[in-house]
Amino acid sequence: MPISLFELLDAIGTVAFAVSGALTAMNKRLDAFGVFIISFVTAVGGGTLRDMLIGRTPVVWMRDINYVYLILISFLLAILFRRFFDKLRNSLLFFDTVGLGVFTLIGLEKGIDIHLNPIICIALGTMTASFGGVIRDILCNEIPVIFREEIYATVCIAGGVFYFILAYFDLPTNQLYLGTSSFIILFRFLAIRNRWSLPKFKAMS
Amino acid sequence: MPISLFELLDAIGTVAFAVSGALTAMNKRLDAFGVFIISFVTAVGGGTLRDMLIGRTPVVWMRDINYVYLILISFLLAILFRRFFDKLRNSLLFFDTVGLGVFTLIGLEKGIDIHLNPIICIALGTMTASFGGVIRDILCNEIPVIFREEIYATVCIAGGVFYFILAYFDLPTNQLYLGTSSFIILFRFLAIRNRWSLPKFKAMS
Amino acid sequence: MPISLFELLDAIGTVAFAVSGALTAMNKRLDAFGVFIISFVTAVGGGTLRDMLIGRTPVVWMRDINYVYLILISFLLAILFRRFFDKLRNSLLFFDTVGLGVFTLIGLEKGIDIHLNPIICIALGTMTASFGGVIRDILCNEIPVIFREEIYATVCIAGGVFYFILAYFDLPTNQLYLGTSSFIILFRFLAIRNRWSLPKFKAMS
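Residues numbered from 1 in each chain as written. Chains lettered and ligands numbered in written order. Predicted model: local features only at pLDDT ≥ 70, side-chain atom pairs only at ≥ 80, totals over all residues. Heavy atoms only, no water.

Q: If you had to explain the overall build of chain A to someone new, which residues and values would you point to?
A: What chain A contains, in helices and strands, is nine helices and zero strands. Listing every helix and strand of chain A by position from the N terminus yields α-α-α-α-α-α-α-α-α. Viewed in the frame of its principal axes, chain A has a C-alpha envelope of about 50 × 50 × 30 Å. Burial statistics for chain A: of 205 residues in total, 55% are counted as buried. A separation of at least 24 residues holds for 69% of the contacts in chain A among residues at least 6 apart in sequence. Surface exposure of chain A reaches about 8,900 Å², of which carbon and sulfur atoms provide 64%. Of the charged side chains in chain A, 17 are positive and 14 negative, and the gap between their average positions amounts to 10 Å. (Helix = DSSP H or I, 4+ residues; strand = E, 2+ residues; numbered from the N terminus. Buried < 20%, exposed > 50% of the residue type's maximum accessible area, 1.4 Å probe, protein only. Contact = heavy atoms within 4.5 Å. Areas by Shrake-Rupley, 256 points an atom, 1.4 Å probe, with all protein chains shown as cover. Lys, Arg positive; Asp, Glu negative; His and termini not counted. Charge placed at Lys NZ, Arg CZ, Asp CG, Glu CD.)

Q: Requested: an account of the relation of the copies chain C and chain A, with residues and values cited.
A: Placing chain C over chain A gives an RMSD of 0.0 Å and needs a rotation angle of 120°, together with 0.0 Å of translation along the axis. The two molecules are tied by a three-fold rotation axis, judged by turn and shift. Looking at the interface residues of chain C, only 10% of them are also at the interface in chain A, so each copy uses its own face. (Least-squares fit on C-alpha atoms with pLDDT ≥ 70 in both.)

Q: Provide a residue-level description of the environment of Ile143(B), including the pertinent values.
A: Take Ile143(B): it is sitting in the loop between helix H7 (118-139) and helix H8 (153-168). Taking the C-alpha atoms as reference points, Ile143(B) and Tyr67(B), 76 residues apart in sequence, are found 27 Å from one another. Apart from residues no more than four positions distant in its own chain, Ile143(B) is found in contact with Lys28(A), Leu30(A), Leu139(A), Cys140(A), Asn141(A), Asp137(B) and Arg148(B).

Q: Lay out the confidence of the model for chain A in plain terms, naming residues and giving numbers.
A: Where the model shows low pLDDT, its predicted coordinates should not be examined in detail. Residues and elements named next belong to chain A. Model confidence for chain A is summarised by a mean pLDDT of 92, while 98% of its residues fall at 70 or above. Per-residue pLDDT, averaged within each element of chain A, yields its smallest value for helix H5 (residues 82-87) (88) and its largest for helix H2 (residues 32-54) (97). If you check the scores for this complex, the pTM reads 0.95 and the ipTM reads 0.93. (pLDDT = per-residue confidence, 0-100.)

Q: Pulling in residues and values, what's your account of the interface of chain C and chain A?
A: Opposite the 30 residues of chain C that make contact, chain A presents 32 residues. Across the chain C to chain A interface the summed buried area is about 2,700 Å²; carbon plus sulfur atoms make up 73%. The largest per-residue losses of area from chain C upon contact with chain A belong to Asp31(C), Phe33(C) and Met62(C), which jointly make up 25% of the total buried on that side. In this assembly, chain C and chain A are joined by six residue pairs in polar contact (both at pLDDT 80 or more). Per element, the largest residue contribution to the side of chain C that touches chain A is eight residues, and it comes from helix H2 (residues 32-54) of chain C. For the side of chain C that touches chain A, the per-class residue count stands at 19 nonpolar, five polar and six charged. (Buried area = accessible area lost by both parts, 1.4 Å probe. Polar contact = N/O pair within 3.5 Å; in protein donor to acceptor, adjacent residues only side chain to side chain. Nonpolar A, V, L, I, M, F, W, Y, C, P; charged D, E, K, R; others polar.)

Q: Can you tell me about the side chain of Thr180(C), naming the residues and giving the values?
A: Residues and elements named next belong to chain C. Topologically, Thr180 is positioned in helix H9 (residues 173-193). Reaching out from Thr180, the side chain makes a polar contact with the backbone oxygen of Leu176 at a distance of 2.7 Å. Once you skip the residues sitting within four places of it in the chain, Thr180 turns out to touch Leu105, Gly159, Phe162, Tyr163 and Leu166.

Q: Before we move on, can you summarise the interface of chain B and chain A with the specific residues and values?
A: Facing 32 residues of chain B, the contacting portion of chain A comprises 30 residues. Here chain B packs against chain A, burying approximately 2,700 Å² in sum over the two surfaces, 73% of which is carbon and sulfur. Linking chain B to chain A there are zero salt bridges. For the interface between chain B and chain A, the tally reads six residue pairs in polar contact (both at pLDDT 80 or more). Within the residue set of the side of chain B that touches chain A, elements represented by two or more residues are helix H2 (32-54), H7 and H8 of chain B. When residues in the side of chain B that touches chain A are grouped by element, the largest group, seven residues, is from H7(B). (Salt bridge = Lys/Arg side-chain N within 4 Å of Asp/Glu carboxyl O.)

Q: Go over the packing of H2(C) against helix H6 (residues 89-113) of chain C with me, naming the residues and quoting the values.
A: Residue and element names in this part refer to chain C. At their nearest, the axes of H2 and H6 sit 11 Å apart, and the two run at 10° to each other. Here H2 is positioned roughly parallel relative to H6, judged by the angle of their axes. Contacts between H2 and H6 involve Ala43, Arg50 and Ile54 from the first element and Phe103, Ile106, Gly107 and Lys110 from the second. Among the residues forming the contact of H2 with H6, the class breakdown is four nonpolar, one polar and two charged. (Axes fitted to C-alpha atoms, helices over the stretch in contact; angles between N-to-C directions. Parallel < 35°, antiparallel > 145°, perpendicular 65-115°, else oblique.)

Q: Requested: an account of the packing of helix H6 (residues 89-113) of chain B against helix H9 (residues 173-193) of chain B, with residues and values cited.
A: Residue and element names in this part refer to chain B. Between H6 and H9, the least distance of the axes is 9 Å, while the angle of their chain directions is 135°. Viewed along their axes, H6 and H9 adopt a mutual orientation that is oblique. In the crossing of H6 with H9, the sense of the turn from one axis to the other is right-handed. Contacts from Leu93, Phe94, Asp96, Thr97, Val98, Leu100, Gly101, Thr104, Leu105 and Glu109 in H6 reach Tyr177, Thr180, Ser181, Ile184, Ile185, Arg188, Phe189 and Ile192 in H9. The residue inventory of the contact of H6 with H9, partitioned by class, reads 10 nonpolar, five polar and three charged. (Left-handed = near helix turned anticlockwise from the far one by under 90°.)

Q: Let's hear about the packing of aromatic side chains: which residues, and what values?
A: All told, the structure shown has 42 aromatic pairs over all chains when counted by the stated rule. Relative to Phe103(B), the ring of Phe17(B) has its centre 4.9 Å away and its plane inclined at 70°; by these criteria the two rings are edge-to-face. Note that Phe17(B) is positioned in helix H1 (residues 3-27) and Phe103(B) in helix H6, a separation of 86 residues in sequence. With relative accessibility at 5%, the residue Phe103(B) sits in the buried group. Three or more aromatic residues link up through ring pairs in this structure, and these residues are Phe36(A), Phe40(A), Trp61(A) and Phe75(A). (Phe/Tyr/Trp six-rings, centres within 6.5 Å; stacked < 30°, edge-to-face > 60°.)

Q: Tell me about the relation of the copies chain B and chain A, and name the residues and values.
A: Relating the two copies of this chain is a rotation about some axis coupled with a shift parallel to it. Screw-axis analysis of chain B against chain A gives a translation of 0.0 Å along the axis, an RMSD of 0.0 Å, and a rotation angle of 120°. When the interface residues of chain B are mapped onto chain A, a mere 9% of them are again interface residues, pointing to distinct binding faces.

Laid out in structure tokens, this is it:
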């Protein structure tokens, strides 16, 4: 997978996350500033947290201004064509899942770059892909949805494990990336289709 | 604007933010420790987040202990003279607005110091001035008020843009600071007086 | 106190915090991933925040993978033997208090290592020991309990002050550690036994 394709997929994921964040925020009756911030943190909140935890500062969107432009455009599109995007939610899910795959890979990479333990790398991949939504939910005053319902983070964790299995067989980077992201995308669609969810605990009386 | 005046205004803003945080927290029925923490994050939470994001650590109040002393004194005054300060809320608003101006400038500066993109600098200014309140609201289990109602962050953003317009004309630092903070203070008072607010979105049925 | 004993107490505290986090999260009806994350942040959230604030990155659990293993095991034990641990809550409190003492000391140390002001060191100790619970409560969408009810952080602050008093008399490290942690453990038990709490504020009409 040449870098330029990877960057394109990164951009697609960023836009998908930013649009979904903006749609959620509009339904919470926030004002324009609030909607923009929620859109922003949904898109890059996970990568931001990752960078703060590993000391890679200034954080990602401060070094690559393109993320800011992408989110700004997504935000504007989302508020202008709200009804359109709301109907498209199912198609958006496809791009969202692309984001899940790419962001997990980016997070994994950042950990590998600085020689962290594979378990920590998997945690960084999962965080990059799924903690933007956690910060969004906290700002919207809700218990994070990925702690309650969806199989989401689990897909990233499994993808991370799959990555290291492939890496063990010395696959070239291209195939490693392609394999891992295909695995994540497939797993996510199966999870949605079959309504897989993790066991949930009950309050004890 | 000589440095000493700027430092004085910084101190005034810190005290105003700390007192307003303490008043809010007391109304949420927190205990003394909770009120102190809310007071603290309201005053320096924005600058703390900024420093973590740009990697300027140990963060601001760890390097300049005077912030801690100022907040401690503000906290004590706020709990001792609660009724007095509560009546003074409108006058406090004036000092709060001074804080808005100064904190925006400080945040802008920190970004410029390390040669970040002007857009990022404006984000850092806005964050320094307005995200202490966001952290306060999250800790108090509420959707941040600046995401819903007040024109607040917008004033900082406009102030940041104004700063770079002035800077484009090569104004000396004194006039740059004076111009930007006057702009912010004036804008904020007009916004309050005329009850300006950003467009708010409705939940979709 | 030889290092190995200190490490053992650190491990005991980590397990106690992780188990208590998992028990809390199960009662909030989270799924397995949510319970794991809550367990994780309860155990190392305070130290993580501390490390981000002082720029000690990658943060603690990324450099010492043993924390991750300990939390993973605690999490599994907590969900497998939930009923057992729930009955043991009172005994758990003892181990939890050991954690309070050890974590406060670790936080103090980190600040002293980089020559921060004693007040900041005490803040770091308090944060290390008690802000994991703050992050847990925020993620569970509740106002942090230590801002409302329990004397908890106050014990850490008092322990930090006690540490610097002992240090003033040039005690050897062993006695300094033993003295401070004994003080914290004793103070905490007295606080629980006598239901001590900080003054709480009322909402103003």
